Amino acid sequence: LGGEIWLDYFLLSDGAATWGEVNLHRITKPLKEGLPGSLFAYKTGQTGTATGVLEHLARETGGAVFTVNKEDEIKEAAVAHRQRPWQLVDVKVEGVSDLLFAGRPKTVYAGQSLRLVGRGTPQDDANVVLTFERGEEKKTLNVKLDERVDSELAPRLYGQVAVGQLEDLMHATEDVAVS
């Protein structure tokens, strides 16, 4: 970089502004005016994370927010910043609607596992079709659903992910989330 110092910043926080400055642009300004670098944050997919704050800070500095749903993903997530991550653009499964990812990941790193839930019954030979972007580059990934687990708990898992996402949106969805 021609002698410039480049730093990556890692934020270990739920993103909630519980004291001090709450204006996101004022919070971001020192990061953009200081040493050049990108901010990377991690979220666990559990409710209570101020996802919008984390995503704003990462977006404004050219970084990313990585979703870590399980403890065994921590090691891969910790080095995910070494390669530019992919942005998750779209997901489709034939015969399934209302698809949701646990933790609402937008940025995906190599080796990351994703928990996808939806309504309906996929066909026996169905594929999950994932579309990603990284700058001008686009990539489509077809993942065959080769193992089916029938369980009475499947609707509960869908409900848990859906309600968690409603709760993340706070006041805009409070009436629906409560019911």
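The rules behind each value
Residues numbered from 1 in each chain as written. Predicted model: local features only at pLDDT ≥ 70, side-chain atom pairs only at ≥ 80, totals over all residues. Heavy atoms only, no water. Helix = DSSP H or I, 4+ residues; strand = E, 2+ residues; numbered from the N terminus. Buried < 20%, exposed > 50% of the residue type's maximum accessible area, 1.4 Å probe, protein only. Areas by Shrake-Rupley, 256 points an atom, 1.4 Å probe, with all protein chains shown as cover. Axes fitted to C-alpha atoms, helices over the stretch in contact; angles between N-to-C directions. Left-handed = near helix turned anticlockwise from the far one by under 90°. Contact = heavy atoms within 4.5 Å. Nonpolar A, V, L, I, M, F, W, Y, C, P; charged D, E, K, R; others polar. Core = buried A, V, L, I, M, F, W, Y, C linked by side-chain atoms within 4.5 Å. Phe/Tyr/Trp six-rings, centres within 6.5 Å; stacked < 30°, edge-to-face > 60°. Pairing = 2+ DSSP bridges. Salt bridge = Lys/Arg side-chain N within 4 Å of Asp/Glu carboxyl O.

A word on the overall build of the protein. The number of helices and strands found in the protein is 5 helices and 9 strands. In the protein, the succession of helices and strands from N to C terminus is β-α-β-α-β-α-β-β-β-β-β-β-α-α. Split into buried and exposed, the 179 residues of the protein put 31% on the buried side. Of the accessible surface of the protein, which amounts to about 11,900 Å², a share of 52% is contributed by carbon and sulfur atoms.

What follows covers unusual backbone geometry. You will see that Asp98, though not glycine, has its phi angle at about 50°, which is positive. Judged by relative accessible area, which is 42%, Asp98 ranks as partly exposed.

With that out of the way, let us pick up the packing of helix α1 (residues 24–33) against helix α2 (residues 51–61). The axes of two packed helices give the description: the angle between them and the distance between them. Where α1 meets α2, the axes come as close as 10 Å, and the angle between the chain directions of the two elements is 35°. In this structure, the crossing between α1 and α2 has a hand that is right-handed. Every residue of α2 that contacts α1 at Leu24, His25, Ile27, Thr28, Leu31 and Lys32 is listed here: Val53, His56, Leu57, Glu60 and Thr61. Within the contact of α1 with α2, the residues separate by chemical class into 5 nonpolar, 4 polar and 2 charged.

Attention now moves to the nonpolar core. Grouped together as the largest cluster of nonpolar side chains are 11 residues: Trp86, Leu88, Val91, Val93, Val96, Phe101, Val108, Ala126, Val128, Leu130 and Phe132. Breaking this core down by element, the ones donating at least two residues are β4 (86–93), β5 (96–101) and β8 (127–134). Per element, the largest residue contribution to this core is 4 residues, and it comes from β4. Leaving out residues up to four positions away in the same chain, Val91 has contacts with Leu99, Phe101, Leu116, Val128, Val129 and Leu130. Judged by nonpolar contacts, the second largest core, of 8 residues, contains Phe40, Phe66, Ala77 and Tyr109.

What follows covers the packing of aromatic side chains. As enumerated under the stated definition, the model contains 3 aromatic pairs in all. Plain terms: the ring middles of Tyr42 and Phe66 are 5.8 Å apart, the flat faces sit at 35° to each other, and that makes the pair tilted. Residue Tyr42 is located in strand β2 (residues 37–43), and its partner Phe66 is located in strand β3 (residues 64–67); the two are separated by 24 residues in the primary sequence. For the pair Tyr42 and Phe66, a shared accessibility class is recorded, and that class is buried. Put simply, the rings of Phe10, Phe40, Tyr42 and Phe66 pair up and form one aromatic cluster.

Mapped onto the secondary structure, Arg84 falls in the loop between α3 (74–78) and β4. For the pair Arg84 and Gly135, spaced 51 residues apart in the sequence, the C-alpha separation amounts to 9.5 Å. Discounting chain neighbours no more than four positions away, the residues touching Arg84 are Ser38, Phe40, Gly62 and Arg134.

A separate point is the pairing of β8. Where β4 lies against β8, 6 bridges are found, and the strand directions are antiparallel. For Asp90, the partnering residue across the bridge sits in β8 and is Thr131. Alignment of β8 against strand β9 (residues 137–144), held across 8 bridges, turns out to be antiparallel. Residue pairing across strands places Thr131 opposite Thr140, the latter belonging to β9. Where β8 folds back on β9, the antiparallel hairpin that results is connected by 2 residues, among which Gly135 adopts a positive phi of roughly 65°.

Bringing the pattern of salt bridges into the picture now. Taken as a whole, this structure holds 4 salt bridges when the rule is applied. In this structure, the salt-bridge partner of Lys138 is Glu133, at a minimum N-O distance of 3.8 Å. Overall, the relative accessible area of 29% leaves Glu133 in the partly exposed class. Among the salt bridges present, the one from Arg134 reaches Glu137, with a minimum N-O distance of 3.7 Å. Assessed through its relative accessible area of 27%, Arg134 is described here as partly exposed. Residue Glu137 is classed as partly exposed on the basis of its relative accessible area, which comes to 41%.

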